[in-house]
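# What the coordinates show
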Amino acid sequence: MNVATPPKPASAESAVPRLTELARFAGCAAKISQADLHKALAGLPVASDPRVLVGHDTSDDAAIIKLREDLALVETVDIFPPIVDDAYDYGRIAATNALSDIYAMGGTPLNALSFVAWPVDTLGTVPLRQVLDGAAAICKEAGIAISGGHSIVDEEPKFGLFVTGTIDPRKIVSNAGARPGDALVLTKPIGTGVLTTAVKRNAAPESVLAAAIKSMTTLNRDAAEAMNAAGATAATDITGFGLLGHLGNMLRASSTAAGTPIGAKLSYSAVPVFDRVTGFLKEGLCPGGTKRNLEYAAPNARFADELAEPQRLLLADAQTSGGLLIAVPQDKLAGLLADLKKRGTLAQAVIGSVTAADKPGVIEVTA
Ligand SMILES: Nc1ncnc2c1ncn2[C@@H]1O[C@H](COP(=O)(O)OP(=O)(O)OP(=O)(O)O)[C@@H](O)[C@H]1O
Ligand SMILES: [Mg+2]
């Protein structure tokens, strides 16, 4: 069930310049590209400690550290520059996005610490406080506190959370468990990268963001509860690398775990999209991160000829606080969809299926 948007605290000072003007890349589109991240992380020591059940080597959403047979910690961090101009909404979006990685593993949030980089001389502390209030409101909704943090001066604002959660180590939903035949279900529409870019470049009024802000501030908790109840084989959240990028990570991790190449079939027309996004893409409004995502994904994507560049870009659009992508065995699909619907997730879309492939991570996209 979605919780109503809380009232915004009154602003004592107008934030000049706009928050998004100070950000080179907005939200999760500021992530270092998958290609560069792989270069930077390749060969970095992998944890040999047997208590590290999930480390950075499988590109998963969070690290998992076993404490007991029935208890493990889930740890994640997510920080990014402003994606909207409203400071309170920026805080809410950053917090929802950070919590999402805990839900994507099947975990339950326990506590958060916040990180702030802020141009105190230009913006003052009032909008900073609004960011913190927004994040606190979302954490309260998730049932946890922000129990501390760290703050530095920076010309480009950045904000985010370190979140700790708990999980039963026997019930981890990593991105490595997808198996051929599983259905792929998406729980929020895509297109936040394109919409926020259109507004940032003054090509559209802020009102076009209403549905996207509602989505970016909706916790993936309900989707995760349905996923856990259904017995999903794998899940991840769709963020900065876009649908193709995060699906690719899931398929490659699942291929390694299964010891056989695993790919997917994706149906373009089944993917839920926010209003106006396809029009903006046709006008050439597209975040740089989305173009980089498509470049990275293209060698492993087999697009139907009818799908032109704007449609391909859409599937690679850098999302901020996107929905869960859930792999679920076919016999559990109907139950999952009914539960997602009952809980009121923003989408319950079957967008494709997992396949046996000739090469790990291949995605065949039909119109
Ligand atoms: N600086 C880093 N040092 C070590 N590992 C890293 C670093 N940056 C990213 N990683 C690892 O790379 C993998 C992919 O990171 P990515 O940010 O895509 O995951 P994510 O947290 O699910 O993304 P998002 O938070 O946007 O959902 C993860 O396993 C992550 O832990
Ligand atoms: Mg993630």
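These figures come from a predicted structure and were not determined experimentally.

### Considering the overall build of the protein
For the protein, the helix and strand inventory stands at 12 helices and 13 strands. Compactness check: the protein gives a C-alpha radius of gyration of 19 Å against a globular reference of 21 Å for 367 residues, within 12% of the reference. In terms of principal-axis extent, the alpha carbons of the protein reach across some 55 × 50 × 45 Å. Relative to its full complement of 367 residues, the protein shows a buried share of 53%.

### A few points about the environment of Ser151
Counting through the fold element by element, Ser151 comes out in strand E5 (residues 146–153). Once the C-alpha coordinates of Ser151 and Val84 are considered, the two residues, 67 residues apart in sequence, prove to be 20 Å apart.

### A closer look at the side chain of Glu156
In this fold, Glu156 is placed in the loop between E5 and strand E6 (158–167). Given the relative accessible area of 18%, Glu156 is considered buried. Only 2.8 Å separates the side chain of Glu156 from the backbone nitrogen of Arg24, close enough to count as a polar contact. When near neighbours in sequence (up to four residues on either side) are disregarded, Glu156 contacts Leu22, Ala23, Arg24, Phe25, Pro81 and Ala117.

### Some remarks on the pattern of salt bridges
Enumeration according to the criterion identifies 14 salt bridges in this entry. Its salt-bridge partner being Asp168, residue Arg170 comes within 3.0 Å of it at the nearest N-O pair. Salt bridges here are not isolated pairs; linked through shared partners, they connect Asp154, Glu156 and Lys158.

### Description of the UniProt feature "domain: PurM-like C-terminal" (unreviewed entry) in the protein
Per the UniProt annotation, the sites labelled "domain: PurM-like C-terminal" (unreviewed entry) are residues 179–362. As a span, residues 179–362 carries 44% helix and 16% strand, and end to end its C-alpha atoms are 14 Å apart.

### A look at the coordination of the magnesium ion (ligand 2)
Ideal values for angles at a metal depend on the geometry: 109.5 degrees with four tetrahedral donors, 90 or 180 degrees with six octahedral donors. Taken together, Asp61 (OD), Asp101 (OD) and Asp237 (OD) make up the protein donors of the magnesium ion (ligand 2), found 2.0 to 2.2 Å from the metal. Donor residues for the magnesium ion (ligand 2) sit on one chain with the sequence pattern D-x39-D-x135-D. You can see Asp61 sitting in the loop between strand E1 (52–54) and strand E2 (63–68) and its partner Asp237 sitting in strand E8 (residues 234–237), a full 176 residues away along the chain. For the pair Asp61 and Asp237, a shared accessibility class is recorded, and that class is buried.

### Examining helix H8 (residues 242–258)
Along an α-helix, a turn takes 3.6 residues, which lines up residues three or four apart on a common side. When the terminal C-alpha atoms of H8 are compared, their 24 Å separation across 17 residues agrees well with the 24 Å that a helix rising 1.5 Å per residue should span. Along H8, 13 of the 17 residues are buried, which leaves the element largely enclosed by surrounding structure. Looking at the residues trailing H8, positive phi occurs at Gly259, about 70°.

### A few points about the site of ligand 1
In the vicinity of ligand 1, the contacting residues are Lys31, Leu37, Leu41, His56, Ser59, Asp60, Asp61, Asp78, Asp101, Asp237, Thr239 and Phe241. In this structure, Asp78 approaches ligand 1 through a side-chain N or O atom, which is 2.6 Å from an oxygen atom. In this structure, Asp237 approaches ligand 1 through a side-chain N or O atom, which is 3.1 Å from an oxygen atom. When ligand 1 is considered free in solution it has 620 Å² of accessible area, and contact with the protein chains removes 70% of it.

Reading the values: rules and limits
- Residues numbered from 1 in each chain as written.
- Chains lettered and ligands numbered in written order.
- Predicted model: local features only at pLDDT ≥ 70, side-chain atom pairs only at ≥ 80, totals over all residues.
- Heavy atoms only, no water.
- Helix = DSSP H or I, 4+ residues; strand = E, 2+ residues; numbered from the N terminus.
- Rg over C-alpha atoms; globule rule 2.2 N^0.38 Å.
- Buried < 20%, exposed > 50% of the residue type's maximum accessible area, 1.4 Å probe, protein only.
- Polar contact = N/O pair within 3.5 Å; in protein donor to acceptor, adjacent residues only side chain to side chain.
- Contact = heavy atoms within 4.5 Å.
- Salt bridge = Lys/Arg side-chain N within 4 Å of Asp/Glu carboxyl O.
- UniProt positions renumbered as here; feature names shortened; annotations may be inferred.
- Donors = N, O, S within 2.8 Å, 3.2 Å for Na, K, Ca; no water.
- Expected span 1.5 Å × (residues − 1).
- Near = heavy atom within 4 Å.
- Areas by Shrake-Rupley, 256 points an atom, 1.4 Å probe, with all protein chains shown as cover.

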